[in-house]
Amino acid sequence: MSGLLGCAVVAAGAGWAGGSAPVSGHATPPAGCPARAGQPGWHVAGEYGLYVAFADGGLEVRWLTEQEGPGLVRAIVDGQVVDERRTEPGYAHAVRLRVRAPEIALEYGVESPEGVGGDAALHRTRIWAEPPSPEVDLAAHDSVFVFGDVHGEFDRVVSLLGQAGLIDAELRWTGGDAVVAFLGDLFDRGNDVTRLLWFVYGLEREAMAAGGRVVALLGNHEAMVLTGDLRYVAPKEQTIGELHGMPYEALFDPETSILGSWIAAKPALVRLDDLLFAHGGVSPAYVDSSLEEYQDTLRTFIAEPLFTRWRDEAFLREYVRETRLDTARLYRRYDFFFGPESVLWYRDLVLTDTLGRHLDAVLERFGARIHVVGHTPVPTIRESYGGKLIAADLLDAAAEMLRLTRRRDGGWNRTVFTVDGDTVTLGSAGDPGP
């Protein structure tokens, strides 16, 4: 046994920290365990590899370090340290903290020798006991920024937000009352999904406190990971789960994980004034729903035990037997998340230019004038159907960000920021008007 596999096996077999005195977490990995999970540029420290979950009235915290050493984690509530634990030297660390509060600040990392780095070497992440209530009908904001599918491209997202003046050098919100919308698919493909999720998780609260909003929608890749379909997970992201000794999807379990419960609470269809956001788009199968009806169905289906167990055939048979769920209701649930007309998967509006009547029906039904979607990749952010549809998913993930600014006549100016630092004005198709 050697290299990364050895690290993962040791992490999986290690015991939990417990008790009130300083304690040990994961055992020390074998000699030669890589500081960066085996590949140059694979960052795992801090929020790149952090896992936090509710456990036994407290918190379960697992973190990774890029150098072998004794771990340290503190829980801070209202400015006071309420629990502090240490682990034995290693790369993978785990403890259980006896703390529950509406808001907790975690400081964690490698315990530095006295005078070498000190607390400055620790990472800091804020945790909230409850995710914000999903909002599906937001009031008007005059400046709206939109990302399509960003797929773990943390560095690009940060670059574009900084270019637009929405965050500062410390990655804190500086966007005032602006809105940033992520149209789903934060997961998969990219190397830094975990870091991106923690970043959006914290930025959401900062924006809200300043009168702005960060809106994160469910995409099909969120549904895939939460239900155990890991075919698109990047090797580096898979490694995080291996080093923590747990399946990757367990890092985002909606019942226990902080990030998992936050993701599972997200809406999939949101109206912001006259803008209608969705990951794939509203198909004929859902055009007769209202925002509230769709959200109620989403919340109900995600809360069912079936949601995270679709790939477990034995569970599925037993669940159907116990609940007497007939075939029609079973397939309704499957199609809601995975069918081609699901709001998470629908592509036809972007792939064709012949669905004008359907798009008009969608906009009328949901009280919007523009439908903004991701999911179906395009070379660059583009509009169609006379400006009534904007496609924001990109072949090159997170290479661009859309900005919509309200005009005096009620329409929207449309600008695209690129990671190269350029800006491009959309408008060749015109604006649908007030």
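Residues numbered from 1 in each chain as written. Predicted model: local features only at pLDDT ≥ 70, side-chain atom pairs only at ≥ 80, totals over all residues. Heavy atoms only, no water.

Overview of the confidence of the model for the protein
The test is simple: The predictor attaches a confidence to each residue, and that confidence, scored 0 to 100, is pLDDT. Here, two residues are considered to be in contact whenever any of their heavy atoms come within 4.5 Å of each other.
Summarising the model, the protein shows a mean pLDDT of 89, and 88% of its residues fall at 70 or more. Counting interchain partners and residues more than four positions distant, the pLDDT-below-50 stretch residues 1-37 has 86 contacts.

Overview of the pattern of salt bridges
To keep it simple, the criterion reads: What counts as a salt bridge is simple: a side-chain nitrogen of Lys or Arg found within 4 Å of a carboxyl oxygen of Asp or Glu. The buried label goes to any residue with under 20% of its type's maximum accessible area, the exposed label to any with over 50%, and the partly exposed label to all in between, with areas taken from a 1.4 Å probe on protein chains only.
As enumerated under the stated definition, the model contains 28 salt bridges in all. Here E84 makes a salt bridge to R86, at a shortest N to O gap of 2.9 Å. The class for E84 is partly exposed, based on a relative accessible area of 27%. R86 sits in the partly exposed class, given a relative accessible area of 26%. Between E111 and R86 there is a salt bridge; the shortest N-O distance is 2.8 Å.

Considering the layout of surface pockets
Formally: The definitions used throughout rest on a 1 Å grid laid over the protein atoms alone, on which a cavity is an enclosed set of points accommodating a 1.4 Å probe that cannot get out and a pocket is an open set flanked by protein within 12 Å on both sides along at least five of seven lines; lining residues are those having an atom within 4 Å of a point. Grid points are joined across faces, edges and corners, and a volume is the space filled by probe spheres set on the points. Each helix corresponds to a stretch of at least 4 residues labelled H or I by DSSP, and each strand to a stretch of at least 2 residues labelled E; elements are numbered beginning at the N terminus.
Put simply, the largest pocket is a space of about 580 Å³. For the lining of the largest pocket, the secondary structure elements donating two or more residues are β7 (123-128) and α3 (193-209). If one sorts the elements of the lining of the largest pocket by residue count, α3 sits on top with seven residues.

A closer look at the sheet that holds strand β1 (residues 51-55)
As a reminder of what qualifies: Any two strands with at least two DSSP-identified bridges between them are counted as paired. Interaxial angle, 0 to 180 degrees, is taken between N-to-C directions of lines fitted to C-alpha atoms, where a helix line uses only the stretch in contact.
Spatial ordering of the open sheet is given by β1-β2-β5, a layout of three strands whose pairing is antiparallel. The sheet is open, and its two edges are formed by β1 and β5 (90-97), each paired on a single side. Going from strand to strand, the sheet's axes swing by 25° on average, the running direction of each strand aside. Relative to strand β2 (residues 58-69), β1 runs antiparallel, the two sharing five bridges. Residue pairing for β2: A53 is matched across the bridge by E60. Of the strands in this sheet, β1, β2 and β5 are in contact with helix α5 (residues 235-244), which crosses β2 at around 105°.

Considerations on unusual backbone geometry
Generally, phi is negative for residues other than glycine and the peptide bonds are trans, each holding for most cases. Of note, H375 is a non-glycine position whose phi angle comes to about 75°, a positive value. Position of H375 relative to the elements: it lies in the loop between β14 (370-373) and β15 (382-384). Residue Y385 is not a glycine yet carries a positive backbone phi of 50°. Take Y385: it is sitting in the loop between β15 and β16 (389-391). Relative accessible area serves as the criterion here: at 16%, Y385 is assigned to the buried category.

Examining the packing of aromatic side chains
Our working rule: Pairing of aromatic rings covers Phe, Tyr and Trp, the last through its six-membered ring, and needs centres within 6.5 Å; plane angles under 30 degrees mean stacked, over 60 mean edge-to-face, and all others mean tilted.
If you walk through the whole model with that rule in mind, you get 19 aromatic pairs. Aromatic pair Y286 and Y294: ring centres 5.9 Å apart, planes at 85°, arrangement edge-to-face. No difference in accessibility class separates Y286 from Y294, as the two residues are buried. Linked through ring pairs, Y286, Y294, F301, F307, W310, Y334, F336, F337 and F338 together constitute an aromatic cluster.

So, α5
For α5, the tally of buried residues reaches seven of ten residues, placing the bulk of the element in the interior. Three or more residues of α5 are buried, namely K236, E237, T239, I240, G241, L243 and H244. Backbone geometry just after α5 places G245 at a positive phi near 70°.

Some details on the nonpolar core
Basically, it comes down to this: We call a set of buried residues a nonpolar core when its members are Ala, Val, Leu, Ile, Met, Phe, Trp, Tyr or Cys and they connect through side-chain atoms within 4.5 Å of each other.
Core analysis: the biggest nonpolar cluster contains 133 residues, and V61, L106, L161, F252 and F277 have the highest contact counts within it. With nine residues, α3 is the single largest residue contributor to this core. With sequence-adjacent residues up to four places away left out, F252 is seen in contact with F187, T194, L197, V225, L226, S257, L259, G260 and I263.

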